[in-house]
Amino acid sequence: PTGATGPAGAAGAAGASVTTAVEPPSANCPAGGVKFTVQGSSTSTYACNAPKASAALNTQATALASCNAILTANSSATDGVYWIDPNGGVTTDAFMAYCDMTTQGGGWTLVMNVNPADGSVVSFTNIAFWKNEAEYGQIGNHFTHDYKGPAAWLLSSTNIMVQVANPGPEGKIIGYKAWNMPAKSFDIFFDAANNTNQTTSVIGSNVTNVYAYEPLIKNGANLQANRNINPNQDRVRLGVDAYPLQGDDNSPGLGTQMNEGACGVGINCYRYKDVELWVNSTTNLWCTRADVDGQFGWIGTDGSCGSSCGTCEMTKGAAYSPYWTYRIYVR
């Protein structure tokens, strides 16, 4: 790590050992770094990373209400992690959030990231991820792991954007789509009745390089929550309306649970994954190979494909990245 040094700790006794630990982005090290603690000491010394695109760019004491408020106050603000305070007034309840200050006019606050290959399964039944008002994961891993930030329930917004991006902390955006919606917080989506449209119209998009069978931004019109529309009662937390029917599989999207009618409510007993794609409409194959027809039922490795699949192919083939992540923002 390079850059500034954080608060100094107390000196240890001669011969005392020093432990080190990775310090995620925090008030001690806005861009992360390393924490050094001398044995027997109650304080620590920090070697902090130099600020970069993913570093915190303001302070808790100066937090504004949202990323859009920050961009309004400073039109030259760049992408990165900022302190925000949707409640206003008392900055002690401010928190750090990632801001996209460039896409579709900027001012977007990250509320959720879905990485379908990080070992965390966020299928339909993962209530902690989709519905609980508690941070899921850590802001320091906001692009590399499944993550939900406090803005998901604290920030009322009238725009929402979904990005498809390459995996990794600096993953390149593959494409995006943004919508208007009635003023609401993101977590309210998942308290709604089945098949509830959450958006009203598209603001803008760039889906040229998005995989043809990607379910959220390439296909469909409006975002829809708690999708449950076919005879099998396949469930999806976040999908789109007007998606072309694919045999008995009508419900691609994020946070899946197949066959709730047979398995029971909230039970993952058949196929469940972070992300479901379009399934081949002729053969209805759940686990086809890329050299057969290039169409896959799933991406990533988080979850179960079910006994009907045998050895599952869970990537899209050599023509594309092994998988992609989803970043969801509000404004």
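Predicted model only: the values in this text are computed from it and were never measured.

Calculation notes
- Within each chain, residue numbers correspond to sequence positions counted from 1 in written order.
- With pLDDT at 70 or above as the cut-off, local features in this predicted model cover only qualifying residues; side-chain atom pairs require 80 or more to be listed or tallied, and sums for whole chains, interfaces and linings still use all residues.
- Excluding hydrogens and water, the side-chain figures rest on all heavy atoms present in the structure.
- Each helix corresponds to a stretch of at least 4 residues labelled H or I by DSSP, and each strand to a stretch of at least 2 residues labelled E; elements are numbered beginning at the N terminus.
- Three labels apply to residues, based on accessible area from a 1.4 Å probe with only protein chains included: buried if under 20% of the type maximum, exposed if over 50%, partly exposed otherwise in between.
- Per-residue and other accessible areas were derived by the Shrake-Rupley procedure at a 1.4 Å probe size, with only the shown protein chains allowed to occlude residues.
- For this analysis, a ring pair means two rings from Phe, Tyr or Trp (six-membered ring only for Trp) whose centres lie within 6.5 Å, classed as stacked if their planes differ by under 30 degrees, edge-to-face if by over 60, and tilted for the remaining angles.
- Charge-over-ring contacts are defined here by two conditions on Lys NZ or Arg CZ: a distance within 6 Å of the ring centre and an angle within 35 degrees of the ring normal.
- Following DSSP output, two strands are said to pair if at least two bridges run between them.
- Angles shown run from 0 to 180 degrees and are taken between the N-to-C directions of axes, each axis being a line fitted to C-alpha atoms and, for helices, limited to the stretch in contact.
- What is meant by a nonpolar core is a set of buried Ala, Val, Leu, Ile, Met, Phe, Trp, Tyr and Cys residues, joined one to another through side-chain atoms within 4.5 Å.
- Whether two residues touch is decided by their heavy atoms; if any such pair falls within 4.5 Å, the residues are in contact.
- When the sulfur atoms of two cysteines come within 2.5 Å, that pair is taken as a disulfide.

Q: Before we go on, may I ask you to explain the overall build of the protein chain in this structure?
A: Assigned secondary structure in the protein chain consists of 4 helices and 18 strands. By the burial criterion, 51% of the 331 residues in the protein chain qualify as buried. In the structure as shown, the protein chain presents an accessible area of about 13400 Å², 53% of it carried by carbon and sulfur atoms.

Q: What is the right way to look at the packing of aromatic side chains in this model?
A: Think of a pair of aromatic rings as described by two things: how far the centres are apart, and how the planes are tilted against each other in angle. Within this structure, the stated rule accounts for 9 aromatic pairs. Between F129 and Y136, the ring centres sit 5.0 Å apart and the planes meet at 80°, which makes this aromatic pair edge-to-face. By relative accessible area, F129 is classed as buried at 0%. Centroid distance F189 to F190: 6.1 Å. Interplanar angle 55°. Geometry classified as tilted. Note on accessibility: F189 and F190 belong to one class, buried. Taken together, the ring pairs connect F129, W130, Y136, F186, F189 and F190 into an aromatic cluster. We note R237 situated over the ring of F124; from NZ or CZ to the ring centre the distance is 3.7 Å. Lying over the aromatic face of F143, R327 brings its terminal NZ or CZ to 3.7 Å of the ring centre.

Q: Explanation requested: the sheet that holds strand β2 (residues 33–38) in the structure shown.
A: The pairing of strands in a sheet happens through backbone hydrogen bonds and is either parallel or antiparallel. The 3 strands are arranged β1-β2-β3 in an open sheet whose pairing can be described as antiparallel. The open sheet has two edge strands, β1 (18–23) and β3 (45–48), and neither has a second partner. Between one strand axis and the next, the sheet turns by 20° as a mean value, whatever way the strands run. Where β2 meets β3, 4 bridges bridge the pair, whose relative direction is antiparallel. Bridge pairing in β3 places V34 opposite A47.

Q: Can you walk me through the environment of I299 in this structure?
A: Within the secondary structure, I299 is located in the loop between β16 (275–276) and β17 (303–304). Along the chain, I299 and W324 lie 25 residues apart, while their C-alpha atoms are 7.8 Å from each other.

Q: Explain the nonpolar core here, please?
A: Looking at soluble globular proteins, one finds that nonpolar side chains tend to be buried together. Counting 47 residues, the largest nonpolar core has I160, F186, L216, L254, Y326 and I328 as its most contacted members. Not counting the four nearest positions on each side in its chain, F186 is found in contact with V111, M112, A152, I160, I328 and V330. Core analysis: the next-biggest nonpolar cluster, separate from the first, contains 16 residues, A94, Y98, W108 and M161 among them.

Q: What's the story with the state of the cysteines in this structure? I'm lost.
A: Any covalent bond linking the sulfur atoms of two cysteines counts as a disulfide. In total, this model carries 1 disulfide according to the counting rule given. Here C67 engages in a disulfide with C99; their sulfurs sit 1.9 Å apart. Torsion about the S-S bond of the C67 and C99 cystine: about -70°, corresponding to left-handed handedness. Here the residue C67 occupies a position in helix α1 (residues 67–73), and C99 occupies one in strand β5 (residues 95–100), the gap between them amounting to 32 residues. Look at C67 and you get buried, because its relative accessible area is 0%. Judged by its relative accessible area of 0%, C99 falls in the buried class.

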